[in-house]
Amino acid sequence: MSDLRDLYQEVIFDHNRHPRNFGPLPGANRHADGFNALCGDKLSLNLKVEDGIIREARFEGSGCAISTASASLMTEALKGRREAEVAELFEGFHRMVKGEPYTVEMGKLAVLAGVSEFPARVKCATLAWHTLNAALHQADQPVSTE
Amino acid sequence: MFDPHLWRRQFPILERKVHGKPLVYLDNAATTQKPLAVLDAERYYFEHFNANIHRGVHALSQEASEAFEGAREKIRAFLGAAHVEEIIFTRGATEAINLVAQTWGRTHLEAGDEILISAMEHHANIVPWQMLCEATGARLKVIPMDERGVLLMDQADHLLTERTRLVGITLVSNALGTVNPVAEIIRKAHAVGARVLVDGAQAVAHVAVNVAALGCDFFVFSGHKLYGPTGIGVLYGKKDLLTAMPPYQGGGDMILQVTFEKTTYNQIPYKFEAGTPHISGAIGLGAAIDFVRSVGLENIAAHEDRLLQEATERAQRVKGLRIIGTAPGKASILSFVLEGIHPHDIGTILDNEGVAIRSGHHCAMPVMDFFSLPATARASFALYNTLEEVERLFQAIERVQKLFLS
Ligand SMILES: Cc1ncc(COP(=O)(O)O)c(C=O)c1O
C-alpha cells in the first residue's frame, strides 16, 4: 500500500504553503506557460539566462500541492546551472518520479521521489519541467502535459 | 422500503478493496458501475448468438438482430418516444450531439443565425456548436447563471429571438447538479421557431424523462452513465426532422441501393447507423434499462436525494468547505472546494482512503471560470451508495484537512 506520507512530505507542504521564487521576474529573457488539462493547473515560468547560465528562475500560477512544490523546488535547483545541464536533470527527474532508475544527483528534488507510487500525479510533478523545456527552447505554444 | 444494500449485491465491483479499504465509489457522474444483469446480457449474447445483424438469414443473425432491435424498443419506451425509428444508436451523448450538428445543423444554419446554449454545458454540448458556427457563420449565445448555478431565465427570454435556430441545453448539470427548467425553455424556444436539443447524459439515471411530453426535438444520452456499457448511446429525434436530415456517415447498413452513379439511403433509423454497430453494447443498454425500471427510477431518485441531503448537511458543517452549485432541487451531485487545498490533492488522499471521487474541471471549463476556480472536487451518488459511504466520505475529508492544515 502506498503511503501518503511518501508523497506529501513536510518539505512539499512547506513549498506548497510558501513557494520560493514566486512572482514576476523583471528582465526575464526566457518565458513559457504550462497547462495541465487534467487538473486545470496553470503555470507561468520566467528565466534570466546569461552566457548559457540560468541566473534567475521565477514562476506564477495556481496548482495542486505537488505541482506547486515541484515548481518551487525546480526554480531553486536551477539557479546557477548551465543550460546544457538542464536536459540531463529533467531526464533524471522524470525517471525518478516514474520510479525508474536514474543516475543524476537530485539534491532536494529527491523529496518528490514518492510521486512514483502515485502514477496519476506524475503529470503534476513534471508540469514545471515541461514548461522549463519550452522556455529554454522558446516554444511559442503553451505546453501541456498531455 | 428501498434498501441499497440489496441492490449492491448486483454490482460485483463494489466488493473490491482499494488501497486496502472497501471501495466507496462516488464518481457516478463520470460513469456508473454495471449490474450483473448487464454483464450477463452481454455475455449471453457472445456465448449464444454472436453474429452480425440485419444481414444474415442464419439463426444467429436473426437472434442478434432481434435482440438489437429489442433494445431499441426498450429505449423508446424508456424515453416515451412515439416511434421506435426515432431512436438512433450512437457511441454516446457526444457522438449524438455531433451527429445533429453535422447533419441538421449544416443544412439549417447560415450566417447570422444563432445557437443558444447555457453557461453550464459540458464541452460536448459546446464544441460541436462552435464547430458548426465556424462552418456556417452562425453565432453562439449563452444563457448566463447566478452564483447558485441557476439559469437566469429572464435573460433567456431576451436571448431567444427569431434568429435563434437551435437551443442546446443540459437537463442536469454534471458540474453543479442543477436540474434545468427544460420544459419552459422548450416552450419558449418553440415560440420563436427554434429547435431544442436536450443533453440528457447526466439526467437519465436520476430523472424520469418523457420526450413526447417535453416536446424536445432532440434528446441525447450515454449508456454508461445509466448502468450500461460504454461505447453505446442514443440520439432521439422527432421523426419528421430525422427523415429530412442528410446522413451522418456513409457505409454499410445506411443504404438501400448502391451503384457507382447513385446511392439511395436507407430509412431512419438505419440511415444514421453506418457500419456494424456496438451490438453487445446495445443489448447491454437494454438490460440496463430493464434493471433501472425494476429498481424504479422514483425509488432511485428518492434515495439519491436522501444521500445528497445528508452529504450537503455534513458539508455545511465542515470548516473551509464551500459547496459549488447550490441550486434548489439538485440531482445527486456535490461539487466542492476546500480552502487552501487543491481538488487534485483531495482526490489523491480520498483515493488512499478507498473513496473514489472526481477532481478537475468536469469538462465544463466555462463553469470553473465563472466561479474563478481551477477545479472542484465532486462526489456523485448512484442507487447503490449508502449513508455509511457518505460518512466515509466525510471521514476522509477530515483526514485531508488534518494532513494539510496541521
Ligand atoms: C452533461 C453531459 N453531457 C455530455 C457528456 C458526454 O458524454 P459521453 O462522454 O459519454 O459522450 C457528459 C459526460 O460526462 C455529461 O456529463
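Residues numbered from 1 in each chain as written. Chains lettered and ligands numbered in written order. Predicted model: local features only at pLDDT ≥ 70, side-chain atom pairs only at ≥ 80, totals over all residues. Heavy atoms only, no water.

Undergrad: What is the right way to look at the interface of chain B and chain A in this model?
TA: Interfaces are frequently sized by the accessible area removed from exposure as the parts join. Each partner contributes residues to the interface: chain B has 19 residues there, and chain A has 24 residues. When the buried surface of chain B facing chain A is broken down by residue, B:H344, B:L403 and B:F404 rank first, second and third, together holding 33% of it. Summed over the shared surface of chain B and chain A, the number is one salt bridge. Between A:R121 and B:D345 there is a salt bridge, with its nearest N and O atoms 2.8 Å apart. (Contact = heavy atoms within 4.5 Å. Buried area = accessible area lost by both parts, 1.4 Å probe. Salt bridge = Lys/Arg side-chain N within 4 Å of Asp/Glu carboxyl O.)

Undergrad: Teacher, can you tell me more about the pairing of strand 2 (residues 41–50) of chain A here?
TA: Here is the key point about a regular strand: its side chains alternate between the two faces of the sheet. Residue and element names in this part refer to chain A. Counting buried positions along strand 2 gives seven out of ten residues, so the element sits mostly inside the fold. In this structure, strand 1 (residues 30–36) lies alongside strand 2, joined through seven bridges in antiparallel fashion. Across the sheet, F35 pairs through a bridge with K42, a residue of strand 2. Bridging between strand 2 and strand 3 (residues 53–62) involves nine bridges; their strand directions are antiparallel. Residue pairing across strands places N46 opposite R58, the latter belonging to strand 3. Counted along the chain from strand 2 to the antiparallel partner strand 3, the turn is two residues long, and its residue D51 has a positive phi close to 50 degrees. (Buried < 20%, exposed > 50% of the residue type's maximum accessible area, 1.4 Å probe, protein only. Helix = DSSP H or I, 4+ residues; strand = E, 2+ residues; numbered from the N terminus. Pairing = 2+ DSSP bridges.)

Undergrad: Looking at this structure, how should I read the site of the ligand?
TA: Residue and element names in this part refer to chain B. Neighbouring residues of the ligand: A93, T94, H122, A124, T170, N174, D199, A201, Q202, S222, H224 and K225. Interatomic distance of 3.4 Å between a backbone N/O atom of A93 and an oxygen atom of the ligand. Separating an oxygen atom of the ligand from a side-chain N or O atom of Q202 is a distance of 2.8 Å. Coverage of the ligand by the protein amounts to 84% of the 400 Å² it exposes when considered alone. (Near = heavy atom within 4 Å. Polar contact = N/O pair within 3.5 Å; in protein donor to acceptor, adjacent residues only side chain to side chain. Areas by Shrake-Rupley, 256 points an atom, 1.4 Å probe, with all protein chains shown as cover.)

Undergrad: Help me out: how do you make sense of the sheet that holds strand 13 (residues 321–324) of chain B in this one?
TA: Strand pairing in a sheet takes place through backbone hydrogen bonds and is either antiparallel or parallel in direction. Residue and element names in this part refer to chain B. If you trace the four strands from one edge of the open sheet to the other, you get 13-14-17-16, paired in antiparallel fashion. Only two strands of the sheet have a single partner each, and these edge strands are strand 13 and strand 16 (358–360). Strand-to-strand twist of the sheet, defined as the mean angle between neighbouring strand axes without regard to direction, takes the value 30 degrees. Where strand 16 meets strand 17 (residues 376–380), three bridges bridge the pair, whose relative direction is antiparallel. Bridge pairing in strand 17 links S359 to A377. Where helix 11 (residues 297–316) meets the sheet, it contacts strand 13 and strand 14 (333–338), and its direction lies at approximately 15 degrees from that of strand 14. Packed onto the sheet, helix 14 (residues 387–405) meets strand 14 and strand 17 and runs at close to 15 degrees relative to strand 14. (Axes fitted to C-alpha atoms, helices over the stretch in contact; angles between N-to-C directions.)

Undergrad: Honestly, the pairing of strand 17 of chain B in this entry has me stumped. Any pointers?
TA: Residue and element names in this part refer to chain B. Most of strand 17 is tucked away, with five of its five residues classed as buried. On strand 17, burial covers both faces: T376, R378 and S380 on one face and A377 and A379 on the other are all buried. Both strand 14 and strand 17 contribute to a ladder of four bridges, which runs antiparallel. Paired with S335 across the two strands is R378, which belongs to strand 17.

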